[in-house]
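Here's the letter readout for the chains.
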Number of protein chains: 2
Amino acid sequence: MPEQPVRARLVDVAEMAKVSKATVSKVLNGRQDLSVRPETRQRVQEAAAALGYRPHSGARALAGAGTHALALLVPALDNPTYVTIARGAYQRARELGYLSLLAEDFDGQEADESFNDLVQEGRVDGLLIASARPGHPLLDALSRTPVPHVFLNRSVEGSGRNVTMDVARSSITALDHLYGLGHRAVGHIAGPPGITPSEHRKKAFLRHAGELGLSASPVASGDFTEDGGVSAALQLLRPADGTRRPVTAIYTSSLAQAMGAMTAVRDLGLRIPEDVSVVGNDDLPVAGHLSPPLTTVAMPLYELGTAAVEALLAAIQGAPVGDVVVPTEPRLVLRGSTAGPGGTA
Amino acid sequence: MPEQPVRARLVDVAEMAKVSKATVSKVLNGRQDLSVRPETRQRVQEAAAALGYRPHSGARALAGAGTHALALLVPALDNPTYVTIARGAYQRARELGYLSLLAEDFDGQEADESFNDLVQEGRVDGLLIASARPGHPLLDALSRTPVPHVFLNRSVEGSGRNVTMDVARSSITALDHLYGLGHRAVGHIAGPPGITPSEHRKKAFLRHAGELGLSASPVASGDFTEDGGVSAALQLLRPADGTRRPVTAIYTSSLAQAMGAMTAVRDLGLRIPEDVSVVGNDDLPVAGHLSPPLTTVAMPLYELGTAAVEALLAAIQGAPVGDVVVPTEPRLVLRGSTAGPGGTA
DNA sequence: CCGCCTGAGGAAACCGGTTGACTGAAACTT
DNA sequence: AAGTTTCAGTCAACCGGTTTCCTCAGGCGG
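Residue positions within a chain follow its written sequence, with the count starting from 1. By the order in which they are written, chains take letters starting at A while ligands take numbers starting at 1. Two thresholds apply to this predicted model, a pLDDT of at least 70 for residue-level local features and 80 or more for giving and counting side-chain atom pairs, whereas whole-chain, interface and lining totals are computed over all residues. Each side-chain value is derived from all of the structure's non-hydrogen atoms; neither hydrogens nor water enter the calculation.

The name that an unreviewed UniProt entry assigns to chain A is LacI family transcriptional regulator, with the source organism given as Streptomyces sporangiiformans.

Quick notes on the packing of helix α8 (residues 167–181) of chain B against helix α9 (residues 196–212) of chain B
Residue and element names in this part refer to chain B. This is how the line gets drawn: Axis geometry follows a simple rule: fit a line to the C-alpha atoms, using only the stretch in contact for helices, then measure angles between N-to-C directions, giving values from 0 to 180 degrees. Only DSSP runs of H or I with at least four residues qualify as helices, and only runs of E with at least two residues qualify as strands; both kinds are numbered from the N terminus onward. To sort the angles, those under 35 degrees are grouped as roughly parallel, those over 145 as roughly antiparallel, those from 65 to 115 as roughly perpendicular, and the leftovers as oblique. Helix crossings fall into two classes, left-handed where the near helix is turned counterclockwise from the far one by less than a right angle and right-handed where it is turned clockwise. Any two residues whose heavy atoms approach within 4.5 Å are treated as being in contact. Three classes are used: nonpolar for Ala, Val, Leu, Ile, Met, Phe, Trp, Tyr, Cys and Pro, charged for Asp, Glu, Lys and Arg, and polar for all others, with Gly counted as polar.
One can describe the packing of α8 onto α9 by two numbers: an axis separation of 8 Å at closest approach and a directional angle of 40°. By the criterion of interaxial angle, the relationship of α8 to α9 is oblique. When the axes of α8 and α9 are compared, the crossing they make is right-handed. Listed contacts from α9 to Val167, Ala168, Ser170, Ser171, Ile172, Leu175, Asp176 and Tyr179 of α8 are Pro197, His200, Arg201, Ala204, Phe205, His208, Ala209 and Leu212. Partitioning the contact of α8 with α9 into residue classes produces 10 nonpolar, four polar and two charged.

Some details on the domain arrangement of chain A
The extent of an interface is frequently quoted as the accessible surface area lost upon association of the parts. Heads up, the condition is: Residue ranges labeled as domains rest on an automatic or database domain assignment.
For chain A, the assigned domains read domain 1 (10–55), domain 2 (63–165 + 302–325) and domain 3 (167–299 + 331–343). Centre-to-centre, using C-alpha coordinates, domain 1 of chain A lies 59 Å away from domain 3 of chain A.

Side note on the interface of chain A and chain B
Note the threshold: By definition, the buried area sums, over both parts, the 1.4 Å-probe accessible area that each loses when the two are put together. Each salt bridge in this description consists of a side-chain nitrogen of Lys or Arg and a carboxyl oxygen of Asp or Glu lying within 4 Å of one another.
Residue-level contacts link 48 residues of chain A with 47 residues of chain B. Here chain A and chain B share an interface that buries about 4300 Å² over both sides, 52% of which is from carbon and sulfur atoms. Among the residues chain A hides against chain B, the three largest losses belong to Arg54(A), Arg123(A) and His289(A). Together they make up 16% of the total. Taken together, the links from chain A to chain B amount to 10 salt bridges. The shortest N-O distance in the salt bridge between Arg94(A) and Asp117(B) comes to 2.6 Å.

Side note on the protein's contact with DNA strand C
What counts, and what does not: It suffices for a single heavy atom of a residue to lie within 4 Å of a molecule or strand for the residue to be listed as near it. Any N or O atom pair separated by 3.5 Å or less is treated as a polar contact, with the protein-specific requirement of one donor-capable and one acceptor-capable atom, and with residues adjacent in sequence counted only for side-chain atom pairs.
Not every one of the 30 residues close to DNA strand C is listed here, only the nearest: Leu10(A), Ser25(A), Arg31(A), Ser20(B) and Thr40(B). The contact atoms of DNA strand C, taken as those within 4 Å of the protein, divide so that sugar and phosphate hold 63%. Within the backbone of Leu10(A), one N or O atom sits 2.5 Å away from a phosphate oxygen of DNA strand C. Contributions of two or more residues to the surface near DNA strand C are made by α2 (21–28) and α4 (57–65) of chain A together with α2 (21–28) and α4 (57–65) of chain B. Counting residues per element, the surface near DNA strand C draws most heavily on α4(A), which supplies five residues. Considered class by class, the residues forming the surface near DNA strand C number 15 nonpolar, seven polar and eight charged.

Section: the pairing of strand β1 (residues 69–74) of chain A
Residue and element names in this part refer to chain A. Formally: Only protein chains enter the accessibility calculation, which uses a 1.4 Å probe; a residue is then buried when its area is under 20% of its type maximum, exposed when over 50%, and partly exposed in between. DSSP calls a pair of strands paired once it identifies at least 2 bridges connecting them. Clockwise travel from the first strand over the helix to the second, with the strands pointing away from the viewer, marks a crossover as right-handed.
Along β1, six of the six residues are buried, which leaves the element largely enclosed by surrounding structure. Residue alternation in β1 divides its side chains into two sets, Ala69, Ala71 and Leu73 and Leu70, Leu72 and Val74, and both sets are buried. Bridging between β1 and strand β2 (residues 99–104) involves six bridges; their strand directions are parallel. Residue pairing for β2: Leu73 is matched across the bridge by Ala103. On the question of chirality, the crossover connecting β1 to the parallel β2 by way of helix α5 (residues 80–95) is right-handed.

Remarks on the nonpolar core
Here is the rule: Buried Ala, Val, Leu, Ile, Met, Phe, Trp, Tyr and Cys residues form a nonpolar core when they are joined through side-chain atoms within 4.5 Å.
If you look at the biggest cluster of nonpolar residues, it comprises 129 residues, and the most contacted ones within it are Leu72(A), Leu128(A), Leu152(A), Leu72(B), Leu128(B) and Leu152(B). Setting aside anything within four residues of it in sequence, one finds Leu72(A) in contact with Ile85(A), Ala86(A), Ala89(A), Ser100(A), Leu101(A), Leu102(A), Ala103(A), Leu128(A), Ala130(A) and Leu152(A). If you look at the next biggest cluster of nonpolar residues, it comprises 42 residues, including Ala69(A), Leu99(A), Ala111(B) and Leu142(B).

Describing the sheet that holds strand β6 (residues 186–190) of chain B
Residue and element names in this part refer to chain B. Across the sheet, which stays open at both edges, the six strands sit in the order β7-β6-β8-β9-β10-β12 with mixed pairing between neighbours. Strands at the two margins of the open sheet, each flanked by one partner only, are β7 (219–221) and β12 (331–333). Each neighbouring strand pair of the sheet contributes to a mean axis angle of 20°, computed without reference to strand direction. In terms of strand pairing, β6 meets strand β8 (residues 249–252) through four bridges, oriented parallel. The residue of β8 that forms the bridge with His188 is Tyr251.

Re the layout of surface pockets
Filter applied, for reference: Using only the protein atoms, space was sampled on a 1 Å grid; points where a 1.4 Å probe fits but cannot get out form cavities, open sets with protein on both sides within 12 Å along at least five of seven lines form pockets, and lining residues are those with an atom within 4 Å of a point. Grid points are joined across faces, edges and corners, and a volume is the space filled by probe spheres set on the points.
Within this model, the second largest pocket holds a volume of roughly 1200 Å³. Lining the second largest pocket are 38 residues, with Arg7(A), Arg54(A), Pro55(A), His56(A) and Ala59(A) sitting closest to its centre. Breaking the lining of the second largest pocket down by element, the ones donating at least two residues are α1 (10–17), α2 and α4 of chain A together with α4 and α6 (111–120) of chain B. The residue inventory of the lining of the second largest pocket, partitioned by class, reads 20 nonpolar, 10 polar and eight charged.

Let's talk about the packing of helix α10 (residues 226–237) of chain B against helix α11 (residues 255–267) of chain B
Residue and element names in this part refer to chain B. One can describe the packing of α10 onto α11 by two numbers: an axis separation of 6 Å at closest approach and a directional angle of 50°. One finds that α10 runs oblique with respect to α11. In the crossing of α10 with α11, the sense of the turn from one axis to the other is right-handed. When α10 is examined against α11, the residues Glu226, Gly229, Val230, Ala233, Leu234 and Leu237 are found in contact with a partner set consisting of Ala256, Gln257, Met259, Gly260, Ala261, Thr263, Ala264 and Val265.

Some thoughts on the relation of the copies chain A and chain B
Heads up, the condition is: Our superposition of the copies is a least-squares fit, built on the C-alpha atoms of residues whose pLDDT is at least 70 in both.
Rotating chain A by 180° about the axis while translating it 0.0 Å along that axis superimposes it on chain B, leaving an RMSD of 0.1 Å. What the superposition gives is, in effect, a two-fold axis relating one chain to the other. Rotation axis and chain A: the residue whose C-alpha lies nearest the axis is Gly58(A), separated from it by 1.8 Å. Mapped onto chain B, 98% of the interface residues of chain A are again interface residues, and the two copies thus contact each other with one and the same surface.

Here it is as structure tokens:
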């Protein structure tokens, strides 16, 4: 029977192709330091294909050739934003001959464990880090045991290995949209302090609000969750200090926050978009299934994943790293949660 | 300086503890076939701790001791159901000394690739498969290259390695709730054919509807997505065949379907829960942030993950496998999307 | 006093690849 | 014709663990 009941090894391929292990290895890895007759090369490749040969990653790693695997560390997997990034990373890695693993690093809680399991135990050749923040334990671990890595989405100032999107642009896009509809008092829900994309979004929001001469542009902070959105929205719509800040629109830093904000608006007996317009960041399928469907700024999340992989692999191959900004521009996705103040179209 | 700039190896520990590699290996792996003085044992353990020693997974795997890693294959990561399962699996695996990796198998598309990357390249010792379905390529691969595995959530009939939840019970719980509110015509949105949990839920729904003597209990199928929920709900509320099936409540197989159903209900100009009550499966944070908040049946997803890991590790250690049902019962989580027909409390 | 057993630990082969040094034959120089 | 290249590939060490089989020393029984 033509079955191979057990993994084929390099020697099996060598035997079948009637050459030595060394030759097989060099042929399959496409090394130039070896000259082979095209005929031999083909025999090797056919044998490998016939046996369904796959090199044992452990053996390969041991021999100093790396594991051909990466790991992406994300702060939360129930945030679909990171799932999209992960998909981009996975696909691009695969195209480049690598495997991208996914690990959840609950805001630093699991960082050391992941680092040990993945890097110290030699399972990966490098890290894509999307969970960075100031004082994150990973930064320590990286300085003690250096390993190729890049930071994505959340950058680390001065690291020179940040892969980010143009989040400032997303604030401008959202604000221009609301301004165009006639809004002059727009509130912003930012993320927790210290998280760079959120900080940048907030700065750009305030700067552009100034440029447009908005009458009010209050900012409230909250976690990137529904609950964070609820409480921040309440601050904007019903400030604790009693000041009257009658925002007619809210622009949030994440999709979940936007969902929370919508809940809060309704809980106050207000309507969307008639009384308050809402714009979220990150266009994910669920946005279209809210009521009303949510207007969002679509960020190039998938591309962020692919770009981060490219940067990391370049670094692994010894190229100098450097900050990268994904060129794709944020794009407004118009849905039913925005209208002119008072509900005008 | 007390730094160890590079990974500590077994020999480093051996040297520091003034024993041989063999002794260190045996001590750290807690093998009984070696007798050591408590004093020596302690020296070894202290040395390992001092150096932050971690065995190289590749070396260990090569030497025949396995990789101490598992992989969980899920059909879709943007379905938070699987994220919860994955968290349970990860934690339990960690407690038992294993690393659980996560791979997305877009309904069979990536199955062979994942299998090659993870199993054939020797990165994992076993598979947790949540993406099974009839004719799935993985089933083939598994028969060609056997590797320890269990199926979770989606079972494979006759495999004798299914880890599942009591989904029949969830239908009964949901139906009893709606019946208690006074509903006599309840529709069900099932998943695509061939997916076992959905089939079982559907069977239990029909059986229990019969037991309760419901006047109507139509079933429509759709993907486990928002869109699937939309079209299935439309079939229930406005059947193409012109028959009048005035369901006053809908029970769905997934959370996303419930969200889609809610959209569909509203698009028809109906109100929730006054005109139509909706109950979803799987209680996830987003359910509380819909409008109205969604009543759900909470399934023991986290426990499903932990139970699957326990079953797989037992199998890896050579224990006979067998089907397992997670003992935790589904639990109704009451929110605003259900009320008596006509909107009575 | 000698042989044997037991407790404590060591030596070395092996897992499956990679890699740099090396070799034998053919082709080319001079 | 002899020496030198080049071609085409081979040899064997090595990576970092695990495991099986040994060894050595001391204690014990006879």
